[in-house]
Amino acid sequence: MKRKTIALLGNPNVGKTSLFNRLTKLNQKVGNYPGVTVDKRIGTLKANAKEYRIIDLPGTYTLFPNSLDEEVVFNILSNQANDDFPDLTVVVTEPSSINRGVVLYQQIRELGLPAIFVINMVDEIEQKGLHIDYTALENYLQTKVFKTNARSGDGIDQLIQNFDIELKPYFGAVDLPQKYRNALEDAKQLFPLATEYLTWQYLAQDNISSLPLEKRSALQTIRESHRLDTQELQKDESISRHDTIASDLMSIVAKKENKRLSTTGKIDNLLIHPVLGYIIFFGLLFIIFQAIYSWAGPLMDSIDTLFAFLADSTAAALPEGPLSALVVNGVIAGIGGIVIFLPQIAILFLFISIMEETGYMSRVVFLMDRWLKPFGLNGKSVIPLMSGAACAIPAVMSARNIENPKERLLTILVTPFMTCSARLPIYIVIIGLVIPDDTFWGFNLQGITLFGMYILGILGALLSALVLNKIIKSIRKSFLIFELPTYKAPDWKNVLNTVWEKSSGFLIGAGKIILAISIILWVLGNFGPNDRFSNPQPYIAEANPEFSQDEIDNEITAYKTEYSYLGYLGRGIEPMIRPLGYDWKVGIGLLASFAAREVFVGTMAVVYSLGEEVDIEDEGQRQTLFERMKGEVNRNTGKPTYNFATGISLLLFYAFAMQCMATIGVVKRETGSWKWTLIQTGFMTGLAYLVALVAYQLLK
Amino acid sequence: MQNNITLDKLKKGERAIIHSFRSNELPAKFYELGFTPGTTIQLKHIAPLQGPICVNIIQQDSLIAIRKKEANLILITKI
């Protein structure tokens, strides 16, 4: 028997996710809707002696889509052939926004779908000074109304028991203005099987991706012949529905003073105060980043130890040879390279999801919009940009709720400039090499430089947004409208669930690519085309007749690296990177970094023949790598490879270059366009090259 | 009427009733979130330097933030 599909539909901030978690008992998975990467949250529920499929649809105020998320909602609910088309829709609301819930509910029923009505957060009815006449509401909506509190679990069982409810047909329709009658009759010819309201929805939306092209152009012809503007159709429906519902509900929902809102008002006087608001926000940011680095440190150390242990024991268990080296240095080191970032990402998302759950994030959008607008961005770009400081992959995905396509694209394009955690180890190594460990006015110079790199990331993002803003044409006008929800204590289940989802998503998404690349790199670095690789001793002895046997043995790894495929590649690009002050060894690091930046340190360790396992947190090992790198001489210039000029040039290159396969993959998925993905990669890397070139030529 | 001004001119704490719209360019989302003619609103917060404004839509007890540019398209009657 086919499982019943139940869809949860509702405005943002009504506790729909908490309800979903309750119903499915976290028995859920997140996937993607075909074609778009809107998170598709599906769970299962065993009850009433059967199994239900529960879908948590993205939050929306209406069926008319304003963003990608909302388009998904319309596409599912308007198409009976869709795999996710629900057998029953549960419209979720909260006490103070019942009117808006009824808008959605009526739209659904008029489309012809059975639906029940849930008032969640019932504990707030009293606080919000409401009195609801439930019998009258049920009669008005022609369905069952349920009261739930998803946080405590109240009312959930009763809701579940009614999932097989048989509803009577729904009567009633919104009053569509007479002037659209003729156009609607014409449109009905196109869709003989659809309900009148669905046909109206088709008529009132510009680009319905779920319809075949000929239907779309036929609709366009009707709109043109009747001189219809979709915006106006949507506006007229909204206003008509809003007015009717407001007068109908007047006698059903009675309101007194809202205590909740006055508390929220008092908090807001502080948190979005024109001056204090910013001080508090930046203070909070400071604390968050402090926490990321101090809390993540010990966790990262233990992950590192764990992987070192895994590598050692695997090396001991496997017979020595290429396979063991692949597993130890390719696979285990590759996975370790990803897992090490998990603590930082988890901590950042812990804070971000707390900020979202409490309602503070909307306040940040409110505070920051004015400062991001001049760059062609939107207040809502704050979330991707902040997340970008941990990892660009989830950050790019979080740009989805930006309605305007141009602002969303811009945000995606510039987010990878933010200093992600993968850049940090490289910065630490290079800063350690070229910036003196002195103090300047009581501040550590190396610390100032590191801070400067973060600022540079932000500047890079904003300034390139400014440039790209001039180039990209806008399809729709930019606007901003969002609700500031009342402050609430976070639902910790939701918080932990989000952290888990984002972290595991990163691990799997980025992991696959990084793993593949590290294996490819390992192969390139461990095989060579000729005798110089496979039998290096005679060549070393020939080139350095004064070497003792020991010295020759020491030189073997480095020599083999030079004549491996990777070495040939490094020397192949040397002419291109020479103007930046790098030699072929740095070139290998750069090439490897295009897979993922974090590979750089490991690659450098191989090139300078220290073995793979360099722990940058370990003082002794770091000193060895530093000494080795400091002693390096660039054979083109005769100067040390890592002098002040090349160091700065390298830092700048890493700050700007797009060196992360996983991000490129996510950007492709999110923008759905190779064009923008390639423009972004080219733009960032070109900028990096240019800035590094100028810096080196000026400083050398 | 003398009291007819655009929403961006409203001062903090003042109440008004939405009267009409100066243009059809306002996205439908504005109506859906409650900016409809006849609605009573109160201005709650203003972000500095021409930043967004935050409006309380009294009837549904919600706080909605919009930019000054769009507020300029909404005509209101002060009360």
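Residues numbered from 1 in each chain as written. Chains lettered and ligands numbered in written order. Predicted model: local features only at pLDDT ≥ 70, side-chain atom pairs only at ≥ 80, totals over all residues.

Draft legend 1. Geometry of the overall build of chain A. Of the regular secondary structure elements, chain A holds 31 helices and 12 strands. Projecting the C-alpha coordinates of chain A onto the three principal axes gives extents of approximately 100 × 55 × 55 Å. When each of the 700 residues of chain A is scored for burial, the buried share is 45%. Expressed as a percentage of contacts within chain A between residues at least 6 apart in sequence, the contacts between residues at least 24 apart total 71%. (Helix = DSSP H or I, 4+ residues; strand = E, 2+ residues; numbered from the N terminus. Buried ≥ 20, exposed ≤ 12 C-beta atoms within 10 Å, placed from the backbone. Contact = placed C-beta atoms within 7 Å.)

Draft legend 2. Region of the structure containing the overall build of chain B. When you go through chain B residue by residue, the secondary structure sums to 2 helices and 6 strands. For chain B, the N- to C-terminal ordering of α and β elements is β-β-α-β-β-β-α-β. Taking 12 Å as the expected radius of gyration for a compact globule of 79 residues, we find that chain B reaches 11 Å, a close match to that expectation. For chain B, the spread of C-alpha atoms along the three principal axes comes to 25 × 25 × 25 Å. (Rg over C-alpha atoms; globule rule 2.2 N^0.38 Å.)

Draft legend 3. Spatial organisation of the UniProt feature "transmembrane region" (unreviewed entry) in chain A. All names here are of chain A. UniProt records the feature "transmembrane region" (unreviewed entry) for residues 270-293, 330-355, 409-435, 447-468, 506-525, 644-666 and 678-699 in the present numbering. The straight-line gap between the two end C-alpha atoms of residues 447-468 is 32 Å; of that span, 100% is helix and 0% is strand. The span residues 678-699 is 100% helix and 0% strand, and its two end C-alpha atoms sit 31 Å from each other. (UniProt positions renumbered as here; feature names shortened; annotations may be inferred.)

Draft legend 4. Broad picture of the interface of chain A and chain B. In this assembly, 36 residues from chain A lie in contact with 29 residues from chain B. Those elements that place two or more of their residues in the side of chain A that touches chain B are α3 (98-111), α10 (230-249), α11 (259-271), α15 (360-372) and β12 (481-484) of chain A. Examining the composition of the side of chain A that touches chain B, we find that 9 residues originate from one element, α10(A), more than from any other. Note: β12(A) against strand β5 (residues 62-66) of chain B, 4 bridges, orientation antiparallel. From the neighbouring strand, Ile481(A) faces β5(B), where its bridge partner is Ile66(B). (Pairing = 2+ DSSP bridges.)

Draft legend 5. Representation of the nonpolar core in the model. Ranked by internal contacts, the top residues of the largest apolar core, which has 184 residues, are Leu8(A), Leu9(A), Val91(A), Leu652(A) and Phe656(A). Those residues in contact with Phe656(A), other than ones at most four positions away along the chain, are Phe417(A), Gly460(A), Met684(A), Leu687(A), Ala688(A) and Val691(A). (Core = buried A, V, L, I, M, F, W, Y, C linked by C-beta atoms within 7 Å.)

Draft legend 6. Looking closely at the packing of helix α19 (residues 423-434) of chain A against helix α29 (residues 644-656) of chain A. Residues and elements named next belong to chain A. For the pair α19 and α29, interaxial distance at closest approach is 9 Å and the crossing angle is 165°. One element, α19, and the other, α29, form an angle in the roughly antiparallel class. For the pair α19 and α29, the crossing hand works out as left-handed. Here α19 contributes Arg423, Ile426, Tyr427, Ile430, Leu433 and Val434 to the contact with α29, which in turn contributes Phe644, Gly647, Ile648, Leu650, Leu651 and Tyr654. When its residues are assigned to classes, the contact of α19 with α29 shows 10 nonpolar, 1 polar and 1 charged. (Axes fitted to C-alpha atoms, helices over the stretch in contact; angles between N-to-C directions. Parallel < 35°, antiparallel > 145°, perpendicular 65-115°, else oblique. Left-handed = near helix turned anticlockwise from the far one by under 90°. Nonpolar A, V, L, I, M, F, W, Y, C, P; charged D, E, K, R; others polar.)

Draft legend 7. Just the environment of Ser225(A), in detail. Structurally, Ser225(A) is set in helix α9 (residues 213-225). Put simply, Ser225(A) and Leu184(A) are 41 residues apart on the chain and 12 Å apart in space, counted from C-alpha to C-alpha.

Draft legend 8. Representation of the sheet that holds β5(B) in the model. Pairing in this open sheet of 7 strands is antiparallel, and the strands run β12(A)-β5(B)-β4(B)-β3(B)-β2(B)-β6(B)-β1(B) from one edge to the other. At either end of the open sheet lies a strand with only one pairing partner, and these are β12 of chain A together with β1 (4-6) of chain B. Pairs of neighbouring strands in the sheet enclose a mean axial angle of 40°, with direction left out of account. Two elements, strand β2 (residues 15-21) of chain B and strand β3 (residues 40-46) of chain B, share 3 bridges in a ladder whose sense is antiparallel. Bridge assignment links Ala16(B) to a residue of β3(B), and that residue is Ile41(B). Strand contacts of α15(A): β12 of chain A together with β4 (53-57) and β5 of chain B, with the helix running at about 135° to β12(A), the strand carrying the most contacts.

Draft legend 9. Just unusual backbone geometry, in detail. In the Ramachandran plot, Asn13(A) falls in the positive-phi region, its phi being about 65° despite a non-glycine side chain. Given 21 C-beta atoms within 10 Å, Asn13(A) falls into the buried group. In this structure, Gln50(B) takes a positive phi of about 60° despite not being glycine. On the secondary structure map, Gln50(B) appears in the loop between β3 and β4. Residue classification places Gln50(B) among the partly exposed residues on the basis of 13 C-beta atoms within 10 Å.

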